[in-house]
Amino acid sequence: HHGTFVSEAEVIAANNRGEKPPFDGAIVTGDTVVLIEMLTATLRLDTLEKCDPARYRRDFDHYFKRKTAQLARAVKEVGTGRWVIPGVSPASVRRVAPVLASLHPFPLFGPMWNPFRTAFGQPAFGPKATVMPLQLVTDEELEILEAFQTADSMPITDALARRTANPAWTESCMTHVI
C-alpha cells in the first residue's frame, strides 16, 4: 500500500469548524504523513530574465513567504491535534514530509532555497515524529511520482525520504531521486 490521499475537503469535514486548514491535502502511508500546500504563483519574468537577487527576494516575500510559513503552521497544528487528518493519530506519526507543490516550474538551487528554509523554520510535530526538511515539488515532478506510485514501484514517501537524505538533492529537482 503506497498511501492514501486526504483532500482539503475531507480535512474540513473531519474538523467540523467551517474553516480551511493551513494545508491543501495530505498523503498518509503507515506512520508517515506528507503535508502538501499548493503554490500557484510563479516568479515574475523580469526576475528570471535579470537574475537579480533583490528582485527574487521581492518575489519570494510577495508570493511564497506566506505559503511557506503556512505549511510550517500546518506541521505544528496537525501535530498538536488542532487539525485532524481522518485516520491519523498524531501520536502514531513518526515522520512528516512538508511539501510545497508548485503548479509552475521553479529554478531550485541553494541560494534560491535559503529564503524558503528561513521562512519554514524548524516546526515540531510531536515528541516522536521527525519533520523532514521542506521540499518543493513541481507539477511535472508530481506526475512522474504518480506514475511510479501507480505502478507500485516507488511510494512518494520513499522518494521524498531519498531526496532529503542528500542535502544537495533537497535543493534540486526531484528527477535526481527518481
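Residues numbered from 1 in each chain as written. Predicted model: local features only at pLDDT ≥ 70, side-chain atom pairs only at ≥ 80, totals over all residues. Heavy atoms only, no water.

Caption draft 1: Inspection of the pairing of strand 3 (residues 32-39) at higher detail. Of all eight residues in strand 3, seven are buried, a share of seventy percent or more. Inspection of the sheet shows strand 2 (residues 25-29) paired to strand 3 by five bridges, in the antiparallel sense. Residue pairing for strand 3: Ala 26 is matched across the bridge by Leu 35. Linking two consecutive strands that pair antiparallel, namely strand 2 and strand 3, is a turn of two residues; a positive phi of about 60 degrees is found at Gly 30 within it. The pairing of strand 3 with strand 4 (residues 95-102) spans eight bridges and is classified as parallel. Within strand 4, the residue paired with Thr 32 across the bridge is Arg 95. (Buried < 20%, exposed > 50% of the residue type's maximum accessible area, 1.4 Å probe, protein only. Helix = DSSP H or I, 4+ residues; strand = E, 2+ residues; numbered from the N terminus. Pairing = 2+ DSSP bridges.)

Caption draft 2: The arrangement of the layout of surface pockets in detail. Within this model, the largest pocket holds a volume of roughly 310 Å³. Along the wall of the largest pocket there are 15 residues; nearest its centre are Phe 5, Ile 27, Leu 142, Glu 146 and Ile 156. Ranked by the residues each element gives to the lining of the largest pocket, the list is headed by helix 5 (residues 139-150), at five residues. Here the residues of the lining of the largest pocket sort into eight nonpolar, five polar and two charged. (1 Å grid on protein atoms, 1.4 Å probe; cavity = no way out; pocket = protein on both sides within 12 Å on 5 of 7 lines; lining within 4 Å. Points joined across faces, edges and corners; volume = space filled by probe spheres on them. Nonpolar A, V, L, I, M, F, W, Y, C, P; charged D, E, K, R; others polar.)

Caption draft 3: Looking closely at helix 6 (residues 156-164). For helix 6, the complete set of buried residues consists of Ile 156, Thr 157, Ala 159, Leu 160, Arg 163 and Thr 164. For helix 6, the buried positions fall inside an angular range of 165 degrees around the axis, keeping them on one side. (Arc of directions from axis to C-beta.)

Caption draft 4: Quick look at the confidence of the model for the protein. Residues of the protein with pLDDT of at least 70 account for 93%, and the chain-wide mean is 87. Per-element confidence in the protein ranges from a low mean pLDDT of 69 for helix 7 (residues 167-170) to a high of 96 for strand 5 (residues 130-131). (pLDDT = per-residue confidence, 0-100.)

Caption draft 5: Region of the structure containing the packing of helix 3 (residues 53-80) against helix 4 (residues 110-120). Taken N-terminus to C-terminus, the directions of helix 3 and helix 4 make an angle of 40 degrees; their axes are 8 Å apart at the nearest point. The angle between helix 3 and helix 4 places the two elements in the oblique class. At the point where helix 3 passes helix 4, the crossing takes the right-handed sense. For the pair helix 3 and helix 4, contact is made by Tyr 56, Arg 57, Phe 60, Phe 64, Lys 65, Thr 68, Ala 69, Leu 71, Ala 72 and Val 75 and by Met 112, Pro 115, Phe 116, Ala 119 and Phe 120, respectively. Tallied by class, the residues present in the contact of helix 3 with helix 4 amount to 12 nonpolar, one polar and two charged. (Axes fitted to C-alpha atoms, helices over the stretch in contact; angles between N-to-C directions. Parallel < 35°, antiparallel > 145°, perpendicular 65-115°, else oblique. Left-handed = near helix turned anticlockwise from the far one by under 90°. Contact = heavy atoms within 4.5 Å.)

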